Amino acid sequence: MIGFIARRVVLMLITLFIIVSATWFLMQLLPGSPFNAEKLSAEQEAIMNERYGLDEPLLVQYGRYMLNVAHGDLGVSFYYENQPVSDIIASRLPVSTFLGAQAIIFGTAAGLLLGAVGAMRHNTWADSGSVILAVLGKSFPNFVFAAILQYLLGFKLQWLPQAGFDSYVFSILPSLALSVFVIAIVARFIRSEMLEVLGQDYVTLAKSKGISQSTLVIRHVLKNSLIPIITILGPLIVSLVTGSLVVEQIFAIPGIGNQFVNSIFENDYSMILGTTIFFAALFIVSILIQDILYTIVDPRMRLAGAKE
């Protein structure tokens with residue numbers, strides 16, 4: 001197990017190095033300047049470039065940046081003067097984490113229920129309804145649902161606030177919008193896995209013993225259908241916890257996704273780079289955790305990894 005995890009960690013570090021390097025060099029190709037060049041004279045712009053080390057050769061800048069990243073320093077924001085990028089991310093992460101966690105909990109519960117109903121009522125109107133809802137949830141981007149929920153529940157019915165983040169009720173609409181995709185993905189996976197499990201011999205044997213429907217589902221069917229959910233929940237959690245870029249913009253949520261979009265408009269290179277590295281690191285760590293969980297629930301994965 002330790003060797004398996006060590007190999008995965010090495011691969012994780014190599015992947016992160018490639019992502020950081022590729023992102024840094026792509027940033028150099030962006031047009032414009034991180035400073036408001038239109039309001040600066042050539043002399044003032046030269047002073048700003050010298051202050052942030054942008055007048056040095058590219059390889060020197062790259063080497064210094066990678067060294068700083070290795071020490072956990074993501075640099076200083078060009079837009080928010082003298083504010084470390086890591087501090088800005090840390091200040092906005094709790095809001096996005098709360099929304100993402102709420103969306104994951106609701107989406108997973110609703111998706112499990114929807115998928116289980118579809119599988120247990122196979123080829124009925126309930127099954128067709130669950131499939132249609134899953135397809136709709138996966139086909140439409142979450143910002144479409146965000147706009148619909150904002151209009152219906154916020155503007156027309158005025159049950160919930162349309163935008164902002166002053167108290168808990170402000171989190172309900174964005175969390176619902178984010179959870180739609182989770183519901184669709186979980187429902188689709190659970191339905192297909194449960195249909196497969198229901199056709200297994202041990203389930204037929206359990207039915208022949210006369211156990212109740214609820215016991216059959218909980219003890220034999222649902223339990224063995226949950227393993228594939230591990231595959232999708234890791235990346236889903238990270239993508240929702242780090243915030244949905246557009247949904248946070250629609251609801252004016254002061255989260256990390258909203259900050260990332262603003263940093264692009266403001267040409268805040270350090271903030272774009274820092275947020276990208278943060279997103280990438282979280283995704284890679286989630287995949288590592290997913291691999292470890294796989295080896296726990298299915299030892300064959302560990303053996304396959306050892307042979308690679």
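Every chain begins its residue count from 1, and numbering advances along the sequence as written. Whole-chain, interface and lining totals are the exception, using all residues; otherwise, since this is a predicted model, local features are given only for residues with pLDDT of at least 70 and side-chain atom pairs are given and counted only at 80 or more. Side-chain descriptors were evaluated using all non-hydrogen atoms of the structure, hydrogens and water having been removed beforehand.

Let us look at the nonpolar core. Here, nonpolar core refers to any group of buried Ala, Val, Leu, Ile, Met, Phe, Trp, Tyr and Cys residues whose side-chain atoms link them within 4.5 Å. Exposure classes here rest on a 1.4 Å probe applied to the protein chains alone. A residue is buried below 20% of its type maximum, exposed above 50%, and partly exposed in between. The biggest cluster of nonpolar side chains holds 21 residues, and the ones touching the most others in it are Tyr65, Leu74, Ile89 and Ile277. The way it works is that DSSP assigns letters per residue, a run of H or I at least four long becomes a helix, a run of E at least two long becomes a strand, and they are numbered from the N terminus. Broken down by secondary-structure element, the contributors of at least two residues to this core are helix H1 (2-28), helix H3 (58-70), helix H4 (85-120), helix H12 (256-265) and helix H13 (269-297). Residue contacts are counted whenever heavy atoms from the two residues lie within 4.5 Å of one another. Residues contacting Ile277, with those up to four places away along its chain left out, are Leu16, Val20, Tyr65, Val69 and Leu74. Among the nonpolar cores identified, the runner-up in size contains 19 residues, and Ala116, Val182, Met194 and Ala206 belong to it.

Attention shifts here to the packing of H4 against helix H7 (residues 172-198). To get an axis, fit a line to the C-alpha atoms, keeping to the stretch in contact for a helix; angles then go from 0 to 180 degrees between the N-to-C directions. Two elements in contact, H4 and H7, have axes separated by 5 Å at closest approach and are oriented at 35 degrees. By crossing handedness, the relation of H4 to H7 is classed as right-handed. Amino acids outside the nonpolar list (Ala, Val, Leu, Ile, Met, Phe, Trp, Tyr, Cys, Pro) and the charged list (Asp, Glu, Lys, Arg) are all regarded as polar, and Gly is one of them. Here the contact of H4 with H7 is built from residues that sort into 22 nonpolar, eight polar and one charged. Left-handed describes a crossing whose near helix is turned anticlockwise from the far helix through less than a right angle; right-handed describes the clockwise counterpart.

On to the packing of helix H5 (residues 125-139) against H7, then. With their axes 8 Å apart at the nearest point, H5 and H7 run at an angle of 135 degrees to one another. One element, H5, and the other, H7, form an angle in the oblique class. For the pair H5 and H7, the crossing hand works out as left-handed. Across the interface between the two elements, Asp127, Ser130, Val131, Ala134, Gly137 and Lys138 of H5 pack against Val180, Phe181, Ala184, Ile185, Arg188 and Arg191 of H7. Classifying every residue of the contact of H5 with H7 gives six nonpolar, two polar and four charged. In what follows, roughly perpendicular refers to angles from 65 to 115 degrees, roughly parallel to angles under 35, roughly antiparallel to angles over 145, and oblique to any angle outside these ranges.

Among the surface-exposed residues, Val10, Leu11, Ile14, Phe17 and Ile18 lie close enough to one another that they form a single nonpolar patch of about 480 Å² accessible area. Among the secondary structure elements, Val10 is positioned in helix H1. A patch is a set of surface residues, each over 30% in relative accessible area and not in a salt bridge, joined within 9 Å for like charges and within 5 Å for the nonpolar side chains Val, Leu, Ile, Met, Phe, Trp and Tyr. Accessible areas in this description were obtained via Shrake-Rupley with a 1.4 Å probe; residue shielding takes into account the shown protein chains only. Throughout this description, the term salt bridge denotes a Lys or Arg side-chain nitrogen within 4 Å of a carboxyl oxygen of Asp or Glu.

Coordinates in, geometry out; function isn't part of it.
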